[in-house]
Protein chains: 2
Amino acid sequence: MEQHRRDPVVVVGGGFGGLAAARALQGTLRDVVLIDRVNHHLFQPLLYQVATAALSPGDIAWPLRTLFRSQRNVRILLNEVMAIHRAARRIDLRDGDPISYSALILAPGACHSYFGHAAWEADAPGLKTLPDALEIRERMLMAFEKAERVKGTPDALDELTFVIVGGGPTGVELAGALAEIGRKAMTPDFPVLRETTCRILLIEGGPRILEAFPLALSRRAQASLERLGVTVLLNRRVQDVNSKGVLAGEEFIRSAHVIWAAGNVASPILSSLGVPLDSSGRVMVEPDLSLRGDPWLFVIGDAAHCPSAEGKPLPGLAAVAMQEGRYVAGMISRGVPPERRAPFVYRDRGILATIGRAKAVAQFGPLSLSGIVAWLAWCFVHIFFLIGFRNRVRVMFEWIWYYLTFKPGARLIYWKERIKRT
Amino acid sequence: MEQHRRDPVVVVGGGFGGLAAARALQGTLRDVVLIDRVNHHLFQPLLYQVATAALSPGDIAWPLRTLFRSQRNVRILLNEVMAIHRAARRIDLRDGDPISYSALILAPGACHSYFGHAAWEADAPGLKTLPDALEIRERMLMAFEKAERVKGTPDALDELTFVIVGGGPTGVELAGALAEIGRKAMTPDFPVLRETTCRILLIEGGPRILEAFPLALSRRAQASLERLGVTVLLNRRVQDVNSKGVLAGEEFIRSAHVIWAAGNVASPILSSLGVPLDSSGRVMVEPDLSLRGDPWLFVIGDAAHCPSAEGKPLPGLAAVAMQEGRYVAGMISRGVPPERRAPFVYRDRGILATIGRAKAVAQFGPLSLSGIVAWLAWCFVHIFFLIGFRNRVRVMFEWIWYYLTFKPGARLIYWKERIKRT
């Protein structure tokens, strides 16, 4: 590494992993360049609340430049990585000159996987970015407006049938939030709607939802969803998606709104590395998260396949990405040669998923929680991990407001308007 | 009106005028239908703060359905008026069946006027809707990102030159806010920028800015803008706008960002009424705001040309629209025949414009205010007129936050991303 020491450490991606890595390099003598395609860090665990009109985009996103305002050794580039030249230690960018690096941390994240059916995306959008969330929010709000206009027809029923594909945390949280807004919060505003007119279905390919949780919590989560009016369909593989609905197992479910929360595939930029990828497109990394034979190129977060103690890959969680980011930043700042690196070990602090108002499940080591206790833990953890005082206050205020009034704060349609005009 | 009494009162437009009219019909026996093309009421006086990243869309907009949740006699239609058939007392909508009315209140507002040069709009967007504001916000934020990349070139200078056309309140408030964010709030985040690199020009065709205010206040506002670093050009008529800049008088000013705040023209739907319009497309109304010979069709707000005591038309202010809305609602609910109506009289409660942090001008009757006193009055009035506790808290919090930290809260780019994807 010596001859390259003057080149910066380049971090690709301003998600949880990239952010943690860049922050952990604070106070070191290394220059850092952080590259992202968007100008903000997004708190993805709350993105479903933007999609369901409970929060605004500005509540869960922070400009990267503001986050690093006082960290002098970090430079931000709003740009896109087009190619990585490992031998030359150089990356090509969409705009402007290539950039050389002394060490590279790849944290590009994941995008939706439609299991080879890319055409499904048009009829079943996923939820990864702010535009995704605003698209879903707008479709949902327009559905109620349209249902009011075409009331009583079969179209009206389709308009108010929401199908969520995938029973992981994102799917469960979306289903719960949609049930609350669709079956409770919206009904006072739409004379034609009753609590039962809005149908929400959650389709899971496996035998239970929230498979990362213990079986008892999966069951409790499913029961909570069902009490909210969500129909949970298990062991149903999606065979087809089109504009009329979704073929789940043998049954075709008519719906104007299918949302995809089923699969992830790591960023396509990784294929340019010329190294083995797993079936989800993730890089098979060494125990120190570097590439074999390339000790100063690290891959972290949703883009990395890092085996856990049990042999399974580590899950795509913010906590994993953050710990990985801090670990690789430590290796780089201390210049630890590959043969002297202790392998990365993930310290599992627990997992949480919320289902609705005062309903959640949580697993902290041997401790299983559900109901209002888990929900309070969920609220606390999410507020705590939000970055900055401003966003903590805003999100807390919105939650208390929504809890008390059942009036979601961000029920605005302005997205489609824009589409019409361009 | 008797034979039509069972038909609803139809209100077109959910702006200040339409909202005030529909609210004033609360508790009467008349059914009300409120039609708008968007699902929200927008607090337009603060729209420039969304355009300059200080506030989020959700802070200054409210779903119309939530606003009227408890007013049982109001029905909301998210729809667009395509034609008005006065003789049949019927209006055609974009979606669904025509609707008959017993009385009609037209409050469709105004859009930008480019004085016959519609092609200028592409290079000089205006500021009327949330999409407009997000478009300007994104252009501004991208300008700083791009300037950082192309620093030192003539392109960089153009990227950081903002020209605002029109020295009315919107233009003045935009210029002041842009100067604050561009010359103060952004500089710590962009290593290449200095306070002086960002140029803001305000172009006014007449001899002074804020012509609705007394001369002394116009002068003081101009001096405040200049202290913030805004160049104010008076007596300059815009001759041309293109992608390179704007021809103002004899001088061509290179700029990648021209914003239009110069002229309004009333909604095009008014031309289908077949009645005389003024040069701004406004309907020449009777002293009771109705049409001659059509006593139950009223036009209010920016769409109406209603002469003031001095003979000039009343200005396009929220206060005018709201008083007009309440006046016509009173005529309708009390069924006052045209010959017994007292003419509408606008009670002028004062005008305000803000220039920047702790800088504003205000005129209340004979009382002229400027500086921090006017600014506090401005803050108080705007918080007071915001609808609902939630928005008051959010906006107040954002203002205090920005005042203390100079970190604008809504510096997000996600709009262009969307354009790319569609």
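Given the structure is predicted, the values throughout are model-derived calculations rather than measurements.

Topic: the pattern of salt bridges
Evaluation of the coordinates by the stated rule reveals 32 salt bridges over all chains. Ionic pairing is found between Arg-90 of chain A and Asp-92 of chain A, a salt bridge with its closest N-O pair at 4.0 Å. A relative accessible area of 23% means that Asp-92 of chain A is categorised as partly exposed. Two residues, Glu-251 of chain A and Arg-236 of chain A, come together in a salt bridge whose shortest N-O distance is 2.8 Å. Linking Glu-251 of chain A in strand S16 (residues 251-254) with Arg-236 of chain A in the loop between strand S13 (230-233) and strand S14 (238-242), this pair joins segments that are 15 residues apart in sequence. Taking the relative accessible area as the measure of exposure, Arg-236 of chain A reaches 22% and is therefore partly exposed. Residues joined in a network through salt bridges with shared partners are Asp-59, Arg-394 and Glu-398 of chain A together with Asp-59, Arg-394 and Glu-398 of chain B.

Observations concerning the sheet that holds strand S7 (residues 90-93) of chain A
Sheet strands pair by backbone hydrogen bonding; their relative direction is either parallel or antiparallel. All names here are of chain A. With antiparallel pairing, the three strands of this open sheet are ordered in space as S6-S7-S8. The open sheet has two free edges, formed respectively by strand S6 (81-85) and strand S8 (99-100), since each of these has just one partner strand. Strand direction decides the pairing type here: S7 and S8, joined by two bridges, are antiparallel. For Arg-90, the partnering residue across the bridge sits in S8 and is Ser-100.

Here's the deal with the interface of chain A and chain B
Listed per partner, the contact involves 52 residues of chain A and 54 residues of chain B. Of the roughly 5,100 Å² buried at the junction of chain A and chain B (both faces included), carbon and sulfur atoms supply 54%. Applying the counting rule to chain A against chain B returns eight salt bridges. A salt bridge links Arg-394 of chain B to Asp-59 of chain A; the nearest nitrogen and oxygen atoms lie 3.3 Å apart. Counting the contacts that link chain A with chain B gives 14 residue pairs in polar contact (both at pLDDT 80 or more). Element by element, the count of residues in the side of chain A that touches chain B is highest for helix H4 (residues 130-149) of chain A, at 10 residues. For the side of chain A that touches chain B, the class distribution of residues is 25 nonpolar, eight polar and 19 charged.

Section: the packing of aromatic side chains
Applying the stated rule across the entire model yields 26 aromatic pairs over all chains. Between Phe-43 of chain B and Trp-62 of chain B, the ring centres sit 6.3 Å apart and the planes meet at 85 degrees, which makes this aromatic pair edge-to-face. Placement of Phe-43 of chain B in the loop between strand S3 (40-42) and helix H2 (47-51) and of Trp-62 of chain B in strand S4 (residues 61-63) is noted, with a sequence separation of 19 residues between them. The class of Trp-62 of chain B is buried, set by a relative accessible area of 6%. Among the aromatic side chains, those forming a connected cluster through ring pairs are Tyr-114, Phe-115, Trp-120 and Trp-260 of chain A. Cation over ring: Arg-341 of chain A sits above Trp-296 of chain A, and NZ or CZ is 4.6 Å from the ring centre.

A look at the environment of Ile-76 of chain A
Note that Ile-76 of chain A resides in strand S5 (residues 74-78). Every residue in contact with Ile-76 of chain A, bar those within four places of it in the chain, is listed here: Leu-34, Leu-64, Arg-65 and Phe-68 of chain A.

Comments concerning the environment of Leu-210 of chain A
All names here are of chain A. With respect to the helices, strands and loops of the structure, Leu-210 is situated in the loop between strand S12 (199-203) and helix H7 (215-227). Judged by its relative accessible area of 1%, Leu-210 is buried. Sequence separation of Leu-210 and Pro-169 is 41 residues, and the distance between their C-alpha atoms is 6.1 Å. Contact partners of Leu-210, with chain neighbours within four places excluded, come to Gly-167, Gly-168, Pro-169, Val-172, Ser-218, Ala-221, Ala-353 and Val-361.

What counts and how
Residues take numbers from 1 onward in each chain, read along the sequence in its written order. Throughout, the order in which chains and ligands are written sets their labels, letters from A for the former and numbers from 1 for the latter. The model is predicted, so local features are restricted to residues of pLDDT at least 70 and side-chain atom pairs to those at 80 or more, both for listing and for counting; the totals for chains, interfaces and linings are taken over all residues. Side-chain measures here rest on the full set of heavy atoms in the structure, leaving out hydrogens and waters. A side-chain nitrogen of Lys or Arg and a carboxyl oxygen of Asp or Glu constitute a salt bridge if their distance falls within 4 Å. Exposure categories follow from relative accessible area, calculated using a 1.4 Å probe and restricted to protein chains: below 20% of the type maximum is buried, above 50% is exposed, and the middle band is partly exposed. Only DSSP runs of H or I with at least four residues qualify as helices, and only runs of E with at least two residues qualify as strands; both kinds are numbered from the N terminus onward. Pairing between strands requires that DSSP locate at least two bridges from one strand to the other. Should any heavy atoms of two residues lie within 4.5 Å, those residues are counted as being in contact. Simply put, the buried area is the total loss of 1.4 Å probe accessible area from both parts when two parts are fitted together. Side-chain atoms alone can form a polar contact between residues adjacent in sequence; in general such a contact is a pair of N or O atoms within 3.5 Å, and within protein one must be able to donate a hydrogen while the other accepts it. Polar here means any residue other than Ala, Val, Leu, Ile, Met, Phe, Trp, Tyr, Cys and Pro, which are nonpolar, and Asp, Glu, Lys and Arg, which are charged; Gly is therefore polar. Between rings of Phe, Tyr and Trp, where Trp is taken as its six-membered ring, a pair exists when centres lie within 6.5 Å; planes separated by under 30 degrees are stacked, by over 60 edge-to-face, and by other angles tilted. Here, over-ring charges are defined by two tests on the NZ atom of lysine or the CZ atom of arginine: distance to the ring centre within 6 Å, and angle to the ring normal within 35 degrees.

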